[in-house]
Amino acid sequence: MKQALEPTADAAWVLNDDGCDPLRESDRETRFTVSNGFLGARASHAVNRSFRRLVSPNSYVAGLFDTPDTDRPVPERVFAPDWLDVRIGLAGGPLVHHFGQGPSHPLTLDMRRGLALAECRLVEGAAVSVRLGLLRFVSLSRRSLGLQLLHLEVDQGATDITLEASFEGGDHDLISERLETEFGLWRTHHSGKRLAMAAAVALRIDGQDLPPTALAPLKWSWTWRARPGQVVCLERIVTVARSDGPDQDPGAIVRKELSDARRSGWRSVMEQHETAWANRWSCSDVEVEGDAAAQKAIRFAVYHLNSAANPDDPRVSIGARGLTGADYRGHVFWDTEIFLLPFYILTWPEAARSLLMYRFHTLDGARAKAAERGWRGAFYAWESTDTGLEATPEQAVGPDRQIIDILTGAQEQHISADVAYAVWQYWQATGDDEFLVAAGAEILLETGRFWASRAQPEADGLHHIRGVIGPDEYHEAIDDNAFTNVMARWNIRRALEVAAMLGERWPAEWTILCRRLDLDEADLGHWTGVAETMATGLDPDTGLFEQFTGYFDLEDVDLSAYAGRSVPMDVVLGRERTQRSQVIKQADVVALLALLPEEFAGETGATNFRYYEPRCGHGSSLSTAMHGLVAARLGDVEMALDYFHRTAAIDLADTKVAIGGGIHIAAQGGLWLMTVFGFAGLSLRSDGIGLAPHLPASWLSLGFGLQWRGRSLAVRIDQTNQKLDVSLESGQPMIITIYGQPHSLSLDQALVTDIKRPRQSDDRSR
Ligand code: BGC
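Residues numbered from 1 in each chain as written. Predicted model: local features only at pLDDT ≥ 70, side-chain atom pairs only at ≥ 80, totals over all residues. Heavy atoms only, no water.

A. Here's a closer look at the overall build of the protein chain. Counting its regular elements, the protein chain contains 19 helices and 32 strands. Compactness check: the protein chain gives a C-alpha radius of gyration of 27 Å against a globular reference of 27 Å for 766 residues, within 12% of the reference. Along the longest, intermediate and shortest principal axes, the C-alpha atoms of the protein chain span 90 × 60 × 55 Å. Of all 766 residues assigned to the protein chain, the portion counted as buried reaches 61%. Sequence separation of 24 or more characterises 69% of the internal contacts of the protein chain that already satisfy a separation of 6 or more. Surface exposure of the protein chain reaches about 28100 Å², of which carbon and sulfur atoms provide 49%. Both charge centroids of the protein chain, one from 75 positive and one from 104 negative side chains, sit 4 Å from each other. (Helix = DSSP H or I, 4+ residues; strand = E, 2+ residues; numbered from the N terminus. Rg over C-alpha atoms; globule rule 2.2 N^0.38 Å. Buried < 20%, exposed > 50% of the residue type's maximum accessible area, 1.4 Å probe, protein only. Contact = heavy atoms within 4.5 Å. Areas by Shrake-Rupley, 256 points an atom, 1.4 Å probe, with all protein chains shown as cover. Lys, Arg positive; Asp, Glu negative; His and termini not counted. Charge placed at Lys NZ, Arg CZ, Asp CG, Glu CD.)

B. Quick peek at helix α6 (residues 363–372). Among all positions in α6, only L363, G365, A366, K369 and A370 are buried. End-on view of α6: buried residues confined to an arc of 160 degrees, all on one side of the axis. With respect to the buried face of α6, the exposed residues turned more than 90 degrees away are D364 and E372. Its buried side turned inward, α6 meets α5 (349–361), α7 (408–411) and α9 (433–454). (Arc of directions from axis to C-beta.)

C. Here's a closer look at the site of the ligand. A320, Y328, F333, W334, D335, W382, E473, K585, Q586, S620 and L622 make up every residue found near the ligand. Between the ligand and the protein, one listed contact pairs an oxygen atom with a side-chain N or O atom of Y328 at 3.1 Å. Residue D335 places a side-chain N or O atom 2.6 Å away from an oxygen atom belonging to the ligand. Residues belonging to the shell around the ligand are distributed by class as follows: six nonpolar, two polar and three charged. (Near = heavy atom within 4 Å. Polar contact = N/O pair within 3.5 Å; in protein donor to acceptor, adjacent residues only side chain to side chain. Nonpolar A, V, L, I, M, F, W, Y, C, P; charged D, E, K, R; others polar.)

D. Looking closely at the nonpolar core. Membership of the largest hydrophobic core comes to 212 residues, with the highest contact counts inside it found for Y344 and W672. Looking at this core, the element that brings in the most residues is helix α10 (residues 482–505), giving 13 residues. With near-sequence residues (within four places) excluded, W672 lies in contact with V286, I298, V302, L305, P342, F343, L346, T347 and F677. If you look at the next biggest cluster of nonpolar residues, it comprises 24 residues, including A4, L117, I237 and V254. (Core = buried A, V, L, I, M, F, W, Y, C linked by side-chain atoms within 4.5 Å.)

E. Fine view of the side chain of Q428. Within the fold, Q428 resides in helix α8 (residues 415–430). Once residues lying within four places of it in the same chain are set aside, the contact partners of Q428 are L684, R685, S686, W708 and R709.

F. View of the pattern of salt bridges. One pass over the structure, following the stated rule, counts 58 salt bridges. Notably, a salt bridge pairs E442 with R516, separated by 2.7 Å at the nearest N-O pair. Of this pair, E442 sits in helix α9 while R516 sits in helix α11 (residues 507–517), and the two are 74 residues apart along the sequence. Judged by relative accessible area, which is 2%, E442 ranks as buried. Where E555 meets R577, a salt bridge forms, and the shortest distance between an N and an O atom there is 2.7 Å. Note that E555 is positioned in the loop between α12 (521–532) and α13 (569–573) and R577 in helix α14 (residues 575–580), a separation of 22 residues in sequence. Looking at R577, the relative accessible area reads 30%, which means it is partly exposed. Salt bridges sharing partners connect three or more residues here, namely D364, R367, R376, E442, E446, R449, R516 and D523. (Salt bridge = Lys/Arg side-chain N within 4 Å of Asp/Glu carboxyl O.)

G. Highlighting the sheet that holds strand β2 (residues 34–35). The four strands are arranged β2-β3-β4-β5 in an open sheet whose pairing can be described as antiparallel. What marks the edges here is a single partner per strand, and that holds for β2 and β5 (76–80). Here strand β3 (residues 39–41) pairs with strand β4 (residues 59–66) via three bridges, running antiparallel. Across the sheet, A41 pairs through a bridge with S59, a residue of β4. (Pairing = 2+ DSSP bridges.)

H. Region of the structure containing the confidence of the model for the protein chain. Looking at the protein chain, pLDDT values average 94 and 95% of them are 70 or higher. Low pLDDT, under 50, characterises residues 51–55; the stretch is placed with ten contacts to residues that sit more than four places away or in other chains. A low-confidence stretch, residues 760–766 (pLDDT under 50), is modelled with 25 contacts involving residues beyond four sequence positions or located in other chains. (pLDDT = per-residue confidence, 0-100.)

I. Main features of the environment of A226. Relative to the elements of secondary structure, A226 occurs in the loop between β18 (219–225) and β19 (231–243). For A226, a relative accessible area of 2% translates into the label buried. Sequence separation between A226 and Q156 is 70 residues, and the spatial gap between their C-alpha atoms is 8.8 Å. Each residue touching A226, except ones within four places of it in the same chain, is listed here: V154, G157, A158, T159 and I161.

J. Looking closely at a nonpolar patch on the surface. Together, V567, V571 and V572 make up an exposed nonpolar region whose accessible area comes to about 180 Å². Within the secondary structure, V571 is located in helix α13. (Patch = residues over 30% accessible without salt bridge, like charges linked within 9 Å, V, L, I, M, F, W, Y side chains within 5 Å.)

K. Seen up close, the pairing of strand β28 (residues 711–718). Among the eight residues of β28, six are classified as buried, and the element is accordingly described as predominantly covered. Relative to β28, strand β27 (residues 701–708) runs antiparallel, the two being bridged by eight bridges. Considered in β28, the bridge of G705 is made with A714. Here β27 folds back onto β28 in antiparallel fashion, the turn holding two residues, of which R709 has a positive phi close to 45 degrees. With seven bridges joining them, β28 and strand β29 (residues 723–730) adopt antiparallel strand pairing.

L. Examining the sheet that holds strand β31 (residues 741–745) more closely. Spatial ordering of the open sheet is given by β25-β26-β30-β31, a layout of four strands whose pairing is mixed. Looking at which strands have only one partner, the edges of the open sheet turn out to be β25 (683–685) and β31. Each adjacent strand pair in this sheet contributes to an overall mean axis angle of 30 degrees, direction not counted. Both β25 and strand β26 (residues 688–691) contribute to a ladder of three bridges, which runs antiparallel. (Axes fitted to C-alpha atoms, helices over the stretch in contact; angles between N-to-C directions.)

Below, the structure is given as structure tokens:
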């Protein structure tokens, strides 16, 4: 077992934390979380927690939502029982490891192997001392499985030791229905979901099995006589299943999974898990030479991105904090489609498809939300759970500690276009026609229809969308938000395109779909008219989009005067003044430029970026990545690099941003976006992909893999030799457009071309 506890030797693959600071413990738990898209286990101490109130030893199961029976109830993901709890004691009481006493509690995240390691020493005065090594993971090859290993060496003491392994907190959010020695079944209070967990636990002393001295439901305990030099190994395999309705039996699933896992043993469980990680890394690793901090940051991002998705469960999506923390109650936002999907689409299409199928399965919720408000089509929930019904809380405590109304659920409507954008991007990059015909087209049509009913014609001959919130949430109830309107127009156009395509290529399916959606030629004609006359706020003289009607007249606050502030700008200025100012919470027109660069003719991309970038207060963790992406595309790589490191710091630096509530998974996705779409200048085109690299001076090289329409590609940008090398590792020949010039690529003919130095012209075509 000791060997399994050895981390990967290469420092670029591991994250270490030697500190033991009670105030930062919750941040460490987040950062070192292991998860697999179904299960998440924060890196809380497993052994003898003596500081329970400071930490949240949370275990999560994707999709395990419940809605409390309160006024204005908000559905939330509930905690699953903590399956990792261990207590070690002497006959007279626990051996306590607490802060301020004895050595610290180093943690290691072995990103290559997808597991977390911990060490600690427990002492009782000078009489007893034991050293512990711990390992945990949740399996990437069988997502229902978790493993815990504990290796204990007695340094000192000849005394009776008791070790107890148990499940804790089962009654925190759940009601237990059945508890047996190796099995537990719980249900949620209101949502009709059930959770089953089973465990096989074994203890060996110097290689000999020791049967438990006492057994209780989900509690095993052993007492033995310790002696110096003794080696004790605990192994615990856990299986977990969730059911969403009465006709599924999660108990049978976990029992079967457990008996399979027990038969194969923890070594084989671990081997399969490590193989699954090796496969994920071979498709998704990003290599940066010359900037060790950037290398660590992007690997950390890719580790958490690979940990967050589950290609096998199309009923769940990724919450704003993945399965790493409780913030945002597990709710799903636009973060998934805009910041995460590109990573999955281009490195793990099966996971991307599953995430989009979640939006397909929640279409009815989106249709109901639109209908309730008198609109047609699909208006997706701004905060979504398992039903697709709107889950945004109506009120919250604002930055100034006042109770404020939350209007995003009603007004942040661009979500429908964001979902459509991801559907289109997925189809473009994978060519998955079966998905398009069975699910994607319906999403595109229903969101297109939403916008066509939402935008209203006015006396100026244009269609307007009034009363919304754009990505910049500092400004509410605004009219004609450029991001919303241009994305809406794009959405309607793609809906029309898919309608034409289905009619031509899949006429039978198209006829059925039209009948089911009650869609006819008159509808399509109306949509065309709306798209053609959508107000966008573009000033043809300056090339600037006005972020929303009246934005240019607001107070222009010089943000450089507030450099070094430790709180967001809406706290500095107060909510009301912020609303009357041009201060932006996060990329808005800049986000539009990131997503639809073709909407910005000639130099107007740069013009808009130069105008809006200094007005942004980056009050959201989603903001810096979008700015970095655009800066890199525009060739300002040093500014982009600064944004890269600021984004990396959100979850990695022990600065003011507390991350106890979970990893900012959108920021992690944003790091990948910035690297691949920004520095490498990737664009998805109808005839293949485009690349237009602009690397920061300190990056000697950048390498990553991509999946494109059934092909695997390896890209390497070598700054030392000023070369771009693209090779096709599998699949049919294809076209790659480099700085606007098409090149052909085939299995036997890699592409090697010169790269341009930063700040030269770039390729913004798509
Ligand atoms: C941001 C949203 C984001 C949400 C969840 C908010 O603070 O403004 O854009 O979707 O957090 O990450």
